[in-house]
Amino acid sequence: MDTLDRVVKPKTKRAKRFLEKREPKLNENIKNAMLIKGGNANATVTKVLKDVEFFSKKSDCSLFMFGSHNKKRPNNLVIGRMYDYHVLDMIELGIENFVSLKDIKNSKCPEGTKPMLIFAGDDFDVTEDYRRLKSLLIDFFRGPTVSNIRLAGLEYVLHFTALNGKIYFRSYKLLLKKSGCRTPRIELEEMGPSLDLVLRRTHLASDDLYKLSMKMPKALKPKKKKNISHDTFGTTYGRIHMQKQDLSKLQTRKMKGLKKRPAERITEDHEKKSKRIKKN
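Quick look at the structure, then.

So, how was this worked out
- Residues numbered from 1 in each chain as written.
- Predicted model: local features only at pLDDT ≥ 70, side-chain atom pairs only at ≥ 80, totals over all residues.
- Heavy atoms only, no water.
- Helix = DSSP H or I, 4+ residues; strand = E, 2+ residues; numbered from the N terminus.
- Buried < 20%, exposed > 50% of the residue type's maximum accessible area, 1.4 Å probe, protein only.
- Contact = heavy atoms within 4.5 Å.
- 1 Å grid on protein atoms, 1.4 Å probe; cavity = no way out; pocket = protein on both sides within 12 Å on 5 of 7 lines; lining within 4 Å.
- Points joined across faces, edges and corners; volume = space filled by probe spheres on them.
- Nonpolar A, V, L, I, M, F, W, Y, C, P; charged D, E, K, R; others polar.
- Salt bridge = Lys/Arg side-chain N within 4 Å of Asp/Glu carboxyl O.
- Arc of directions from axis to C-beta.
- Polar contact = N/O pair within 3.5 Å; in protein donor to acceptor, adjacent residues only side chain to side chain.
- Expected span 1.5 Å × (residues − 1).
- Patch = residues over 30% accessible without salt bridge, like charges linked within 9 Å, V, L, I, M, F, W, Y side chains within 5 Å.
- Areas by Shrake-Rupley, 256 points an atom, 1.4 Å probe, with all protein chains shown as cover.
- Lys, Arg positive; Asp, Glu negative; His and termini not counted.
- Charge placed at Lys NZ, Arg CZ, Asp CG, Glu CD.
- Phe/Tyr/Trp six-rings, centres within 6.5 Å; stacked < 30°, edge-to-face > 60°.
- Core = buried A, V, L, I, M, F, W, Y, C linked by side-chain atoms within 4.5 Å.

1. Here's the deal with the overall build of the chain
And then number 1: In terms of helices and strands, the chain carries 6 helices and 11 strands.
And then number 2: Taking all 280 residues of the chain together, 25% fall into the buried category.
And then number 3: In the chain, once contacts between residues fewer than 6 apart in sequence are set aside, the share between residues at least 24 apart is 62%.

2. A look at empty space enclosed by the protein
And then number 1: Under the criterion given, the structure shown has 1 cavity of 30 Å³ or more.
And then number 2: One number sums up the size of the largest cavity: a volume of about 120 Å³.
And then number 3: What lines the largest cavity is a set of 13 residues, among which Met65, Leu137, Phe141, Phe169 and Leu197 lie closest to the centre.
And then number 4: Put simply, the parts of the chain that give the lining of the largest cavity at least two residues each are helix H2 (43-53), strand S3 (76-83), helix H4 (128-141), strand S7 (166-177) and strand S9 (194-203).
And then number 5: When the residues that make up the lining of the largest cavity are grouped by side-chain class, the tally is 13 nonpolar, no polar and no charged.

3. Here's the deal with unusual backbone geometry
Across the chain, the bulk of peptide bonds are trans and the bulk of non-glycine residues have phi less than zero.
And then number 1: In this model, Gly192 is joined to Pro193 through a cis peptide bond whose omega is 0°.
And then number 2: Position of Pro193 among the secondary structure elements: in the loop between strand S8 (185-190) and S9.
And then number 3: The backbone phi angle of Asn75 is positive, close to 50°, even though this residue is not glycine.
And then number 4: With relative accessibility at 16%, the residue Asn75 sits in the buried group.
And then number 5: Backbone geometry at Asn164 places phi at a positive 55°, although glycine is not the residue there.
And then number 6: Within the secondary structure layout, Asn164 lies in the loop between strand S6 (156-163) and S7.

4. Some words on the pattern of salt bridges
And then number 1: Counted under the stated rule, the structure contains 13 salt bridges.
And then number 2: Where Arg132 meets Asp89, a salt bridge forms, and the shortest distance between an N and an O atom there is 3.2 Å. Of this pair, Arg132 sits in helix H4 while Asp89 is found in strand S4 (residues 86-99), placing the two residues 43 residues apart along the sequence.
And then number 3: Overall, Asp89 belongs to the buried group, its relative accessible area being 0%.
And then number 4: Salt bridges sharing common partners tie together Arg81, Asp89, Glu128, Arg131, Arg132, Asp139, Arg142 and Asp207.

5. Describing H2
And then number 1: For H2, the set of buried residues is Val45, Val48, Leu49, Asp51 and Val52. End-on view of H2: buried residues confined to an arc of 165°, all on one side of the axis. Exposed residues on H2 whose side chains face more than 90 degrees from its buried face are Ala43 and Lys50.

6. Digging into the side chain of Arg132
And then number 1: The exposure class assigned to Arg132 is buried, which follows from its relative accessible area of 2%.
And then number 2: Polar contacts involving the side chain of Arg132 include one to the main-chain carbonyl oxygen of Ala205, which spans 3.4 Å.
And then number 3: With near-sequence residues (within four places) excluded, Arg132 lies in contact with Arg81, Asp89, Ile91, Leu204, Ala205, Ser206, Asp207 and Tyr210.

7. Observations concerning H4
And then number 1: The end-to-end C-alpha separation of H4 is 20 Å, in line with the 20 Å expected for 14 residues at 1.5 Å each.
And then number 2: Considered for burial, the residues of H4 that qualify are Tyr130, Arg132, Leu133, Ser135, Leu136, Leu137, Asp139, Phe140 and Phe141.

8. Quick look at a positive patch on the surface
And then number 1: On the surface, Lys13, Arg14, Lys16, Arg17 and Lys21 cluster together into a positively charged patch.
And then number 2: Structurally, the position occupied by Lys21 is in helix H1 (residues 13-22).

9. Re the environment of Leu174
And then number 1: Looking at the element boundaries, Leu174 is found in strand S7.
And then number 2: Relative accessible area serves as the criterion here: at 14%, Leu174 is assigned to the buried category.
And then number 3: Each C-alpha atom of the pair Leu174 and Leu154 lies 7.1 Å from the other, and the pair is 20 residues apart in sequence.
And then number 4: With residues up to four places along the chain from it excluded, the contact list for Leu174 reads Met116, Leu154, Glu155, Tyr156, Val157, Ile186, Glu187 and Leu188.

10. Quick look at the packing of aromatic side chains
And then number 1: Taken as a whole and judged by the stated rule, the model has 7 aromatic pairs.
And then number 2: Their ring planes at 75° and their centres at 6.0 Å tell us that Phe124 and Tyr130 sit as a pair that is edge-to-face. Here Phe124 and Tyr130 have matching classes, each one buried.
And then number 3: Ring centres of Phe141 and Phe160 lie 6.0 Å apart, and the angle between their planes is 35°; on these two criteria the pair is classed as tilted.

11. Digging into the nonpolar core
And then number 1: In this structure, Met65, Ile79, Phe140 and Phe141 are the most contacted members of the largest nonpolar core, which totals 35 residues.
And then number 2: No other element matches H4, which puts 6 residues into this core.
And then number 3: When neighbours within four sequence positions are excluded, Met65 is seen to be in contact with Met34, Leu35, Ile36, Leu49, Val52, Leu77, Val78, Ile79 and Phe140.

Now the structure itself:
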């Protein structure tokens, strides 16, 4: 047996824990972003990376953003993600206009707050490049998965608009105002950063590899319950299967509630006599 074909078992508990963390999991870990500043990045790109760091934690993980600047591709951003320790998707964006967090003199939300993501524009649903870009941006900015959230915790919005070949990235702080009723009045106040981006180059995974990366394990798929259905209002209906019954053999005389009273017997006897007379 070749030495390359043998499975090397960990010799220490620390090595075993390290390998277990790298194994595929039914529930993925929280995705963090690795922000990389290129050697020729200018001040604009550096500020963009710093402002993006406000929304995502920096770590060695499955998401990355690389910033650079040169004469051929000025103010350049490359965002991408990994799958099975290989690059899955990479999209190159050019920064045409930028307003940083510090340039907008408004109150900011706490760092690490989970945002609400809004995508506007038909391109995000029609064009394949924009569909992948939308998926990548959701992975990049959605934050940790939570089961419950309070109304006061909805503090800011990230808005992406695809229009005329450009992507407009805006950030708003959500303000809850008094409305005179139980539901507050909502106002949006621009918080920053603000970016006007243009799509330059893409390196997308093949359809087969992309489907494989999105495949849900069988253990996480909801099991279908037989003979149970739901209507549009959420009402649950159940179907019961029974064998065909012969009602002629059903014993009803022994039940007190079904026993005939004397008056009913007399009327029944009269009916039987009248039928006999008619037949004769």
